[in-house]
Amino acid sequence: SAVISQKPSRDICQRGTSLTIQCQVDSQVTMMFWYRQQPGQSLTLIATANQGSEATYESGFVIDKFPISRPNLTFSTLTVSNMSPEDSSIYLCSVARRLNTEAFFGQGTRLTVV
Amino acid sequence: AQTVTQSQPEMSVQEAETVTLSCTYDTSENNYYLFWYKQPPSRQMILVIRQEAYKQQNATENRFSVNFQKAAKSFSLKISDSQLGDTAMYFCAFTSQGGSEKLVFGKGTKLTVNP
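Report on the accompanying structure. Position numbers for residues count from 1 along each chain, tracking the sequence in the order it is written. Here the convention is simple: chains get letters from A, ligands get numbers from 1, in the order in which they are written. Only residues with pLDDT of 70 or above have their local features reported here, since the model is predicted, and side-chain atom pairs are shown and tallied only from 80 upward, although totals for entire chains, interfaces and linings are computed over all residues. Calculated side-chain values reflect all of the structure's heavy atoms, with hydrogen atoms and water omitted.

1. Remarks on the overall build of chain B
The following threshold applies: In this description a helix means any DSSP run of H or I spanning at least four residues, a strand means any run of E spanning at least two, and both kinds are numbered starting from the N terminus. Throughout, exposure labels follow a simple rule: accessible area from a 1.4 Å probe, protein chains only, divided by the maximum for the residue type, with under 20% read as buried, over 50% as exposed, and the rest as partly exposed. Contacts are assigned to residue pairs that have any heavy atoms within 4.5 Å of one another.
On a plain count of helices and strands, chain B comes out with 0 helices and 12 strands. Beginning at the N terminus, the succession of helices and strands in chain B can be written as β-β-β-β-β-β-β-β-β-β-β-β. Taking the principal axes of its C-alpha atoms as reference, chain B extends roughly 40 × 25 × 20 Å. Scored against the burial criterion, the 115 residues of chain B give a buried share of 49%. The long-range fraction of contacts in chain B, counting pairs at least 24 apart against all pairs at least 6 apart in sequence, stands at 55%.

2. Focus: the interface of chain A and chain B
Our working rule: The term buried area means the drop in 1.4 Å probe accessible area that two parts suffer when joined, counted for both and summed. Here a salt bridge means any side-chain nitrogen of Lys or Arg lying within 4 Å of a carboxyl oxygen belonging to Asp or Glu. Pairs of N or O atoms within 3.5 Å make up the polar contacts considered here, provided that, within protein, one atom can donate a hydrogen while the other can accept it, and that residues adjacent in sequence are counted only when both atoms are side-chain atoms. Only Asp, Glu, Lys and Arg are considered charged, only Ala, Val, Leu, Ile, Met, Phe, Trp, Tyr, Cys and Pro nonpolar, and every remaining residue, Gly among them, polar.
Facing the 27 residues of chain A at the interface are 23 residues of chain B. In this assembly, chain A packs against chain B so that about 2,000 Å² is buried in total across both faces, 49% of it on carbon and sulfur atoms. Glu58(A) is the partner of Lys102(B) in a salt bridge, and the nearest nitrogen-oxygen pair spans 3.4 Å. Along the contact surface separating chain A from chain B lie 9 residue pairs in polar contact (both at pLDDT 80 or more). Residue assignment for the side of chain A that touches chain B shows that the elements contributing at least two residues are strand 4 (31–37), strand 5 (43–49), strand 9 (89–96) and strand 11 (109–113) of chain A. Of the residues assigned to the side of chain A that touches chain B, the class counts are 11 nonpolar, 11 polar and 5 charged.

3. Describing the sheet that holds strand 8 (residues 75–80) of chain A
Residue and element names in this part refer to chain A. Where we set the bar: For two strands to count as paired, DSSP must find a minimum of two bridges between them. Only C-alpha atoms enter the line fits that serve as axes; for helices the fit covers just the stretch in contact. Angles between N-to-C directions range over 0 to 180 degrees.
Reading across from one edge, 1-3-8-7 is the order of the 4 strands in this open sheet, with antiparallel pairing throughout. Looking along the sheet, the strands with just one partner apiece sit at the ends: strand 1 (4–7) and strand 7 (68–72). Averaged over all pairs of adjacent strands, the angle between their axes in this sheet comes to 15 degrees, without regard to strand direction. Pairing between strand 7 and strand 8: 3 bridges, direction antiparallel. In the strand pairing of strand 8, Asn72 is matched with Phe75.

4. Structural notes on the pairing of strand 9 of chain A
All names here are of chain A. For strand 9, the tally of buried residues reaches 8 of 8 residues, placing the bulk of the element in the interior. With 7 bridges joining them, strand 4 and strand 9 adopt antiparallel strand pairing. Each bridged residue has a counterpart across the sheet, and for Met31 the counterpart in strand 9 is Ala96. Pairing of strand 9 with strand 10 (residues 104–105) involves 2 bridges; the strand directions are antiparallel. Bridge pairing in strand 10 places Ser94 opposite Phe105.

5. Focus: the packing of aromatic side chains
Spelled out, the test is: Geometry of aromatic contacts follows a simple scheme: Phe, Tyr and Trp rings, the Trp one being its six-membered ring, pair when their centres are within 6.5 Å, and the pair is stacked under 30 degrees between planes, edge-to-face over 60, tilted otherwise.
By the definition in use, this model includes 15 aromatic pairs over all chains. With a centroid separation of 6.3 Å and an interplanar angle of 25 degrees, the aromatic rings of Trp36(B) and Phe75(B) are classed as stacked. One end of the pair, Trp36(B), is in strand 5 (residues 32–39); the other, Phe75(B), is in strand 9 (residues 74–79), and 39 residues separate them in sequence. Phe75(B) carries the same exposure label as Trp36(B), and that label is buried. Three or more aromatic residues joined by ring pairs form one cluster here, namely Phe33(A), Tyr35(A), Phe105(A), Phe35(B), Tyr37(B), Phe91(B) and Phe105(B).

6. A look at the environment of Leu84(B)
All names here are of chain B. By secondary structure assignment, the location of Leu84 is in the loop between strand 9 and strand 10 (88–96). Each C-alpha atom of the pair Leu84 and Lys110 lies 13 Å from the other, and the pair is 26 residues apart in sequence. Once residues lying within four places of it in the same chain are set aside, the contact partners of Leu84 are Glu15, Val113, Asn114 and Pro115.

7. Remarks on the side chain of Arg70(A)
Residue and element names in this part refer to chain A. Our working definition: When charges are counted, Lys and Arg are positive and Asp and Glu negative, with His and the chain ends excluded.
The residue Arg70 is located in strand 7 in this model. Here Arg70 is buried and forms no salt bridge, its nearest opposite-charge partner Asp26 lying at an N-O distance of 11 Å. Side-chain polar atoms of Arg70 contact the backbone oxygen of Val29, separated by 2.7 Å. Side-chain polar atoms of Arg70 contact the backbone oxygen of Ala49, separated by 3.1 Å.

8. Section: the pairing of strand 1 of chain A
Along any regular strand the residues' side chains alternate between the sheet's two faces. All names here are of chain A. Judged by which residues are buried, strand 1 turns out to be one-sided: Ile4 and Gln6 face inward and are buried, whereas Ser5 and Lys7, on the alternate face, are not. Where strand 1 lies against strand 3 (residues 19–25), 4 bridges are found, and the strand directions are antiparallel. Pairing of Ser5 across the sheet is with Gln24, part of strand 3.

In structure tokens:
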């Protein structure tokens, strides 16, 4: 298994500001992902965080809006930039060790933009 | 592109009864993995059960079992002896073999277990 610490657990932010979310894993993992879960909706993949290189973004998500860092195999950050109320969502970090095995999730960050 | 469809937005069941949640998916691949995740109000996503497409035998985990019909692209979850702690959102998810472990999720089914 993997224990994931995601911070902050929740935040209320002013529009136009940025928030950085941290994801720390208790052991080295191969894959790290960031998902968004809009209110009452399912999870949508934002990007794959690649260690030592630029993240791989899914259609509809761009680096300028959601810059991601992954300096090592246990840590990643997601920044939500220039926030608007439409960015109010739960953001979840997910990790996996090997292809196609269980993916573990952090408890998520509930973001409210006012 | 792969898609996952859960046609039941909400379901309810009496404690100790059995309930089945439906999931269908669309893919052109032959080898892939399917999952059911549970998300209680705490928001923590928890893996309930996993099925490898190349395995004909349906996966089981204690009170949880699946009915995997590869030709029909159907992957339903059966919960036996439902407990109050089973109340949660349930998401069906897909990932392709040899892919990057990206998960494609269905929209979820909100299950309520009533005492």
